Amino acid sequence: MELNSSFWTLIKTKMKSRNDNNKLLDTWLDPIEYVSTSGSIERPRLILGVPNALHQYFVIENLQDKIYTEISDTYGKPFEVEFSITGNKVNTHIETSSTQDETLGGTEILQAQLARAQSTQTTQPRSGGPDTLNSELTFSTFVVGKNSEFAHAACYNVARNPGADDYNPLYIYGPVGMGKTHLLHAAGNHIRDQYQQLRITYISAERFMNECISAIRRHEMDKFRQKYRENSDILLVDDVQFIARGEAVQEEFFHTINSFIDSRKQVILASDRMPKDIHGLEDRSRTRLERGLIADITMPDLETRIAILRYKAEKFNVRLPEDVANYIARISKRSIRELEGNLKKVKMFSELQGLPIDYELVKRILSHHETQSTISVEEIMKIVADHYKVRVLDLKSSTRAKPIVVPRQIAMYLIKKFLDKSLVDIGKAFGGKDHTTVMNALERVKNLQATDQDISKDIEDLETRIHNITGV
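Residues numbered from 1 in each chain as written. Predicted model: local features only at pLDDT ≥ 70, side-chain atom pairs only at ≥ 80, totals over all residues. Heavy atoms only, no water.

Enquirer: Please clarify how the pattern of salt bridges should be interpreted in this entry.
Expert: Pairs may arise between side chains of opposite charge once their charged atoms sit close together. Under the defined criterion, the tally for this structure stands at 21 salt bridges. With a shortest N-O distance of 3.1 Å, Glu252 and Arg225 are connected by a salt bridge. With a gap of 27 residues between them, Glu252 in helix α11 (residues 247-262) and Arg225 in helix α10 (residues 221-230) connect regions that are remote in the sequence. The partly exposed category is assigned to Arg225, whose relative accessible area is 32%. For the salt bridge of Asp386 with Lys382, the shortest nitrogen-to-oxygen distance reads 3.0 Å. Residue Asp386 and its partner Lys382 are located together in helix α18 (residues 377-388), separated by four residues, close to a single helical turn. Salt bridges linked by common partners bring Arg45, Glu80 and Glu82 together as one network. (Salt bridge = Lys/Arg side-chain N within 4 Å of Asp/Glu carboxyl O. Helix = DSSP H or I, 4+ residues; strand = E, 2+ residues; numbered from the N terminus. Buried < 20%, exposed > 50% of the residue type's maximum accessible area, 1.4 Å probe, protein only.)

Below, the structure is given as structure tokens:
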């Protein structure tokens, strides 16, 4: 089976058959055209054409994963997909009710379309085989701030001397969208340039898990082990927290890491949490991950965010007035990914409307973003639940077991501190608790902070995580 025009027609037909009478899918899927097939025989690249930047943005945000899954199921071999802008005219719009059409002008509808996605994905080719390094993510394109200088230095030193015992494995952790993946790619690219004889494997933990499960089902574990242990000299693994989902996968991952370290082969890992905070991770895997060097990366301060924004604006050929740069950086507090997403949103809106980028325009485009709460009640609950390895549902339940009660009370305390919600509102969020229950919880946490060092340290860590999101 070849990746050609007929193949793409088949994929679209299959997707539509799974989503009968889905007008939104038809609107955005139909204009996607087959352009060409490039790459190698072992890893062909299917290039699909979209009419304009808005169409490309919507497809990547909403349809890319569905397209990737359908092609993977049908083709069954490694492949890549790239969405290229063709410039062909097409009448693309999101279906709206007559009421919406009457109340929203063209600008507002466009803004609603751009606001559908809160994060952005790169337009780099999406791979159907082992992940590949992005050549644009290097140390020279990484903006270093106080939040990331240690992680950057650690990655750079490892890339200069891979396999050194003191830095093996190197474990980078921090919240989503802070630049961990950038550093993984940067290290891989540097090693590839300096040590061309070394074979580099970059893969997400989720893909490692899926390949491992598939190999177990097909009785091909020898082939799987050869691929990762014998045919690779450098192992870069992203989103390590997913490894804890299966015991068999953990077992294989543990022995793979051991094999690399025993052979003085470099391992670099990235995760959104410390090994000790990965729920379900076995003790031996945790201690193995903690054996080398652990480096954290947090949300950059305002000055660093401005520097990052200016670098990305130059890369995207966007001229930002100083007041605009300061405004975007100030309201983009969650992640670097959010910062870049807001810049792309402004760029696209300006180009599609033919308007210059100034403070008033940007404030209008991102006003909904500015007025949104920087963190929600549910997000604080999830942060606390993850820290204590319990479920959010447990925090909302009526159980009075101590392993649940203390995290619940701490979550109430943090919500009151960072969001200043009323006692009644906090009680409702926790399954309809009485306001006196919330009042007692707040008092109890204050007492525990003064008498229990472990609780005090937990709260300090949780407040730091929330600060990394809110920036305040």
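Enquirer: For this particular structure, what's the right way to read unusual backbone geometry?
Expert: Leaving glycine out, the prevailing phi sign among residues is negative, and the prevailing peptide bond configuration is trans. Between Asn168 and the following residue, Pro169, the backbone shows a cis peptide bond with an omega angle of 0 degrees. Mapped onto the secondary structure, Pro169 falls in the loop between α7 (149-160) and β5 (170-173). The phi dihedral of His219 is positive, around 60 degrees, even though this residue is not glycine. Assignment of secondary structure puts His219 in the loop between α9 (205-217) and α10. Look at His219 and you get exposed, because its relative accessible area is 73%. Of note, Asp239 is a non-glycine position whose phi angle comes to about 55 degrees, a positive value. Note that Asp239 resides in the loop between β7 (234-238) and α11.

Enquirer: Got a minute to help me understand the packing of helix α13 (residues 302-315) against helix α15 (residues 336-353) in this structure?
Expert: Helix packing geometry: the angle between the two helix axes and the distance between the axes. Between α13 and α15, the shortest axis-to-axis distance is 10 Å and the interhelical angle comes to 45 degrees. Classified by the angle between their axes, α13 and α15 sit oblique to one another. Of the two elements, α13 crosses α15, and the hand of that crossing is right-handed. Contacts between α13 and α15 involve Arg305, Ile308, Leu309, Lys312 and Ala313 from the former and Ile336, Leu339, Glu340 and Leu343 from the latter. (Axes fitted to C-alpha atoms, helices over the stretch in contact; angles between N-to-C directions. Parallel < 35°, antiparallel > 145°, perpendicular 65-115°, else oblique. Left-handed = near helix turned anticlockwise from the far one by under 90°. Contact = heavy atoms within 4.5 Å.)

Enquirer: How should I be thinking about helix α4 (residues 64-75) in this particular structure?
Expert: One turn of the α-helix equals 3.6 residues, which is why residues spaced by three or four share an orientation. Given a rise of 1.5 Å per residue, 12 residues ought to cover 16 Å, and the 16 Å separating the end C-alpha atoms of α4 matches this to within 8%. Residues of α4 that are buried: Gln64, Ile67, Tyr68, Glu70, Ile71, Thr74 and Tyr75. Angular distribution of buried residues about the axis of α4 spans 165 degrees; they occupy a single face of the element. The positive-phi residue at the C-terminal boundary of α4 is Gly76, with phi of around 75 degrees. (Expected span 1.5 Å × (residues − 1). Arc of directions from axis to C-beta.)

Enquirer: How should the nonpolar core be read in this particular structure?
Expert: The tendency in soluble globular proteins is for nonpolar side chains to be buried as a group. Ile380, Ile410, Leu414, Ile415 and Phe430 are the most contacted members of the largest nonpolar core, which totals 29 residues. Looking at this core, the elements that each hand over two or more residues are α18, α20 (402-419), α22 (435-451) and α23 (453-470). Considering every element that reaches this core, the biggest residue donor is α20, with nine residues. Beyond its immediate sequence surroundings of up to four residues, Leu414 is in contact with Ile380, Val384, Leu419, Ile459, Leu462, Glu463 and Ile466. (Core = buried A, V, L, I, M, F, W, Y, C linked by side-chain atoms within 4.5 Å.)

Enquirer: How do you make sense of the environment of Leu309 when you look at a structure like this?
Expert: Its place among the elements puts Leu309 in helix α13. Judged by relative accessible area, which is 1%, Leu309 ranks as buried. Sequence-wise, Leu309 and Ala325 are 16 residues apart; in three dimensions their C-alpha atoms are separated by 7.0 Å. Leaving out residues up to four positions away in the same chain, Leu309 has contacts with Leu320, Ala325, Ile328, Ala329, Leu339 and Leu343.

Enquirer: What is the right way to read the pairing of strand β6 (residues 200-204) from this model?
Expert: Put simply, side chains in a regular strand alternate between the two faces of the sheet. Most of β6 is tucked away, with four of its five residues classed as buried. Of the pairings in the sheet, the one linking β6 to β7 comprises five bridges and is parallel in character. Along β7, the bridge assignment pairs Thr201 with Leu235. (Pairing = 2+ DSSP bridges.)

Enquirer: It is not clear to me how the side chain of Asp233 should be interpreted in this structure. Could you clarify?
Expert: With respect to the secondary-structure elements, Asp233 resides in the loop between α10 and β7. Its relative accessible area of 14% is what places Asp233 among the buried residues. Excluding anything up to four places from it in sequence, Asp233 contacts Gln197, Leu198, Arg199, Phe260, Lys265 and Gln266.

Enquirer: What is the right way to read the packing of aromatic side chains from this model?
Expert: Each aromatic ring pair is described using two quantities: the centre-to-centre distance and the angle formed by the ring planes. Evaluated as defined, the whole model comprises nine aromatic pairs. On the basis of an interplanar angle of 75 degrees and a centroid distance of 6.0 Å, the ring pair of Phe7 and Tyr75 is categorised as edge-to-face. Here the residue Phe7 occupies a position in helix α1 (residues 5-18), and Tyr75 occupies one in helix α4, the gap between them amounting to 68 residues. The exposure class of Tyr75 is buried, given its relative accessible area of 11%. (Phe/Tyr/Trp six-rings, centres within 6.5 Å; stacked < 30°, edge-to-face > 60°.)

Enquirer: Can you walk me through α15 in this structure?
Expert: Counted at 1.5 Å a residue, the expected span for α15 with its 18 residues is 26 Å, and the 26 Å between its end C-alpha atoms agrees. With respect to burial, α15 is a largely interior element, 13 of its 18 residues being buried. Positive phi appears at Gly354, one or two residues downstream of α15, with a value of about 70 degrees.

Enquirer: Teacher, can you tell me more about the sheet that holds strand β9 (residues 293-296) here?
Expert: Sheets are built from strands that pair by backbone hydrogen bonding, the pairs being arranged parallel or antiparallel. Sheet architecture is open: five strands sit in the order β6-β7-β8-β5-β9, paired in parallel fashion. Only two strands of the sheet have a single neighbouring strand rather than two, namely β6 and β9. Across the sheet, the mean angle from the axis of one strand to that of its neighbour is 15 degrees, orientation sign disregarded. Across four bridges, the pairing between β5 and strand β8 (residues 266-271) is parallel. By the bridge assignment for β8, Tyr173 is matched with Ser271. Against the sheet, α7 touches β5, β8 and β9, its axis set at about 140 degrees to β9.

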